[in-house]
Amino acid sequence: MEGKILFEPEYGTKEAVKGLEEFSHIRLIRGFSENRRINYSLTVILPKLGGNTRKGVFSTRSPFRRNGMGLSCVRLEKIEFDEKERPILYVKGADLMNGTPIFDIKPYIPYPDCHPEAEGSFASVHQNDRIKVDIPEELERLVPEEERRALYAVLEQDPRRLINKTPSGFMDSRLQEWKSASG
């Protein structure tokens, strides 16, 4: 998904981003702004493990965390400046929503940040799992064209819990909900 990062006035200066254009990727320390929970659990259910296995929240990337903070690595496409000379960062691969608060930005530096020998536990086992996604044309038109590729990418990873994976029942009921909601 493509996105823009806008700065608060006190950080929105050319000096604050000087040199950032020399990096292809950046890390964003951000908030899960739309995921507010009063109650939380120290374990979470993982769809990729069948939906019946719980793991500790710190061994997952679940957004359901007490601190509400997330970490993203995105491609920095370009930096532009608005009429007041405040920077605008254009990024790709953003797992953000409009209005997501960004607490800090750090450059991604390959030699200390990349560890090809690292073990990925359950995430490595299922990293290439994909399903074929067919969305009826009348529903696909409801999604803005610039967001369709991201929608397909998420759905191809099949985020459903295993217990909800029936040949047609789950998705058919969801499609009916979407059709009803869109009028």
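See the structure printed just above.
Description of the structure in this document. (Residues numbered from 1 in each chain as written. Predicted model: local features only at pLDDT ≥ 70, side-chain atom pairs only at ≥ 80, totals over all residues. Heavy atoms only, no water.)

Overview of the overall build of the chain
Step number 1: Looking only at helices and strands, one finds six helices and seven strands in the chain.
Step number 2: Moving toward the C terminus, one meets the helices and strands of the chain in the order β-α-β-β-β-β-β-β-α-α-α-α-α.
Step number 3: When contacts within the chain are restricted to residue pairs at least 6 apart in sequence, long-range pairs at least 24 apart make up 67% of them.
Step number 4: In the form shown here, the chain has an accessible surface area of approximately 13,400 Å², with 52% of it arising from carbon and sulfur atoms. (Helix = DSSP H or I, 4+ residues; strand = E, 2+ residues; numbered from the N terminus. Contact = heavy atoms within 4.5 Å. Areas by Shrake-Rupley, 256 points an atom, 1.4 Å probe, with all protein chains shown as cover.)

Digging into unusual backbone geometry
Step number 1: Positive phi outside glycine occurs at E85, with the angle close to 65°.
Step number 2: Mapping E85 onto the fold places it in the loop between β5 (69-81) and β6 (87-92).

A look at the nonpolar core
Step number 1: If you look at the biggest cluster of nonpolar residues, it comprises 12 residues: I5, F7, V17, L20, I26, L28, V74, L76, I79, L89, V91 and A94.
Step number 2: Looking at this core, the elements with two or more residues in it are β2 (25-31), β5 and β6.
Step number 3: In terms of residue count, β5 provides more of this core than any other element does, three residues in total.
Step number 4: When neighbours within four sequence positions are excluded, V17 is seen to be in contact with F7, I79, F81, P87 and L89.
Step number 5: Formed by five residues, the second largest nonpolar core is a distinct cluster that contains V133, L139, Y152 and L155. (Core = buried A, V, L, I, M, F, W, Y, C linked by side-chain atoms within 4.5 Å. Buried < 20%, exposed > 50% of the residue type's maximum accessible area, 1.4 Å probe, protein only.)

Comments concerning the sheet that holds β2
Step number 1: Ordered in space as β1-β6-β5-β2-β7, the five strands form an open sheet in which the pairing is antiparallel. Since the sheet does not close on itself, it has two edges, and those belong to β1 (2-6) and β7 (102-107), each with one partner. Along the sheet, successive strands turn relative to each other by an average axial angle of 40°, direction set aside.
Step number 2: Examined bridge by bridge, β2 and β5 share seven bridges and lie antiparallel to one another. Residue pairing across strands places G31 opposite M69, the latter belonging to β5. (Pairing = 2+ DSSP bridges. Axes fitted to C-alpha atoms, helices over the stretch in contact; angles between N-to-C directions.)

Some remarks on the pattern of salt bridges
In a structure, side chains of opposite charge can pair up when their charged atoms sit close to one another.
Step number 1: For the structure on display, the rule yields 10 salt bridges.
Step number 2: In this structure, the salt-bridge partner of K14 is E85, at a minimum N-O distance of 3.0 Å. Of this pair, K14 sits in helix α1 (residues 14-17) while E85 sits in the loop between β5 and β6; the two residues are 71 residues apart in sequence, bridging distant segments of the chain.
Step number 3: A salt bridge links K132 to D134; the nearest nitrogen and oxygen atoms lie 2.9 Å apart. Judged on exposure class, the residue K132 and its partner D134 are both exposed. (Salt bridge = Lys/Arg side-chain N within 4 Å of Asp/Glu carboxyl O.)

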